[in-house]
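Listed below, chain by chain, are the residues.
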Amino acid sequence: MIIRKAERSHIIVKRVEIEQRCEALVQPILDAHEFELWDVEYVKEGANYYLRVYADKPGGITIDDCVTISRALEAKLDAEDFIEEAYILEVSSPGLGRPLKRERDFARSLGSSVEVKLYKPINQQKEFTGILKSYTDDMVVLESEETELELKRSDIALIRLAFDF
């Protein structure tokens, strides 16, 4: 199946609109329980569409918390009924390897160990690990044992919290 550029653009706009509307519906639920929204994503995987909500709280979110959010959000989504396709709603914690996407993700992660994957290598290396020292809209600064590394955000394919074992 070939998807034309205009169709692909429409699909992206539709996905973003669904994510934004869902975020607006779930935010009051999270606020009422003092949970924090990490992300909302609407994706197609195989034959199924998934609407995923990632939430957290200090000390970590529990399964019961996810059930509370899911039930309240299901009621709102059913009432609004703005998603045409059948989908599976998933509510979970962002997980250990959570990507940093929003301003608050970066702010919360200052001083933490992060993994960075680049689109193209710098000195034949595409993956870096270090302490997130600072960031701007354009740059991320990592501190490692050897040096301080400045990376353009436009060169970063993925930045996430590192697994510390």
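Everything numeric here is computed off the predicted structure, so don't read it as measured data. Here, residues in each chain are numbered from 1, in the same order as that chain's written sequence. Whole-chain, interface and lining totals are the exception, using all residues; otherwise, since this is a predicted model, local features are given only for residues with pLDDT of at least 70 and side-chain atom pairs are given and counted only at 80 or more. As a rule here, side-chain values come from all non-hydrogen atoms in the structure, and water together with hydrogens is ignored.

### Thoughts on the pattern of salt bridges
Pairs may arise between side chains of opposite charge once their charged atoms sit close together.
Part 1 of the reasoning: Any carboxyl oxygen of Asp or Glu within 4 Å of a side-chain nitrogen of Lys or Arg constitutes a salt bridge here. One pass over the structure, following the stated rule, counts 16 salt bridges.
Part 2 of the reasoning: For the salt bridge of lysine 133 with glutamate 143, the shortest nitrogen-to-oxygen distance reads 3.7 Å. Of this pair, lysine 133 sits in strand β5 (residues 125-135) while glutamate 143 sits in strand β6 (residues 139-143), and the two are 10 residues apart along the sequence.
Part 3 of the reasoning: Relative accessibility thresholds used throughout: buried, under 20% of the residue-type maximum; exposed, over 50%; partly exposed, between the two (1.4 Å probe, protein chains only). By relative accessible area, glutamate 143 is classed as partly exposed at 36%.
Part 4 of the reasoning: Among the charged side chains, a salt-bridge network with shared partners connects Glu23, Asp39, Lys101 and Arg102. Only runs of H or I of at least four residues qualify as helices and only runs of E of at least two qualify as strands under DSSP, and these elements are numbered from the N terminus.

### Side note on the sheet that holds β6
Part 1 of the reasoning: Any two strands with at least two DSSP bridges between them are considered paired. An order of β7-β6-β5-β4-β8 is seen for the 5 strands of this open sheet, with the pairing classed as antiparallel. Looking at which strands have only one partner, the edges of the open sheet turn out to be β7 (148-152) and β8 (156-161). Going from strand to strand, the sheet's axes swing by 40° on average, the running direction of each strand aside.
Part 2 of the reasoning: Inspection of the sheet shows strand β4 (residues 113-122) paired to β8 by 5 bridges, in the antiparallel sense. Each residue of the ladder has a partner; that of leucine 118, found in β8, is isoleucine 156. Lines fitted to the C-alpha atoms define the axes, with helices restricted to the stretch that makes contact. Angles between their N-to-C directions range from 0 to 180 degrees.

### A closer look at the pairing of β4
Part 1 of the reasoning: Relative to β5, β4 runs antiparallel, the two being bridged by 6 bridges. Residue pairing for β5: isoleucine 122 is matched across the bridge by glutamine 125.
Part 2 of the reasoning: With antiparallel pairing between neighbouring strands as the criterion, β4 and β5 make up a hairpin whose turn holds 2 residues, including asparagine 123 at a positive phi of roughly 50°.

### Let's talk about the nonpolar core
Part 1 of the reasoning: What we call a nonpolar core is a set of buried Ala, Val, Leu, Ile, Met, Phe, Trp, Tyr and Cys residues that are connected through their side-chain atoms within 4.5 Å. Membership of the largest hydrophobic core comes to 22 residues, with the highest contact counts inside it found for Leu51, Val53, Ile69 and Leu73.
Part 2 of the reasoning: Listed by contribution, the elements that provide at least two residues to this core are α1 (5-32), β1 (36-45), β2 (48-56), α2 (63-80) and β3 (87-92).
Part 3 of the reasoning: Ranked by residues supplied to this core, first place goes to α1 with 6 residues.
Part 4 of the reasoning: Any two residues whose heavy atoms approach within 4.5 Å at even a single point are treated as in contact. If we ignore the near neighbours within four places in the chain, the residues touching leucine 73 are Cys22, Leu25, Val26, Ile29, Val53 and Leu89.
Part 5 of the reasoning: Val114, Val116, Phe128 and Leu161 belong to the second-largest nonpolar core, a separate cluster that totals 14 residues.

### Examining the side chain of glutamate 85
Part 1 of the reasoning: Secondary-structure assignment places glutamate 85 in the loop between α2 and β3.
Part 2 of the reasoning: Of the residues examined, glutamate 85 reaches a relative accessible area of 19% and is grouped as buried.
Part 3 of the reasoning: Among the polar contacts listed, one links the side chain of glutamate 85 to the side chain of lysine 14, at a separation of 2.2 Å.
Part 4 of the reasoning: Whenever a nitrogen or oxygen atom comes within 3.5 Å of another N or O atom, the pair is scored as a polar contact, on the condition that within protein one atom can donate a hydrogen and the other can accept it, and that pairs from neighbouring residues in sequence are kept only if both atoms are in side chains. Of the polar contacts made by the side chain of glutamate 85, one reaches the side chain of tyrosine 42; its length is 2.7 Å.

### Let's talk about the sheet that holds β2
Part 1 of the reasoning: Read from one edge to the other, the open sheet built from 3 strands follows the order β1-β2-β3, with strand pairing classed as mixed. Whereas interior strands pair on both sides, the edge strands pair on one side only; in this sheet they are β1 and β3. Ignoring which end each strand starts from, the neighbouring axes of this sheet average 15° apart.
Part 2 of the reasoning: Alignment of β1 against β2, held across 9 bridges, turns out to be antiparallel. Within β2, the position partnered with valine 43 by the bridge is tyrosine 50.

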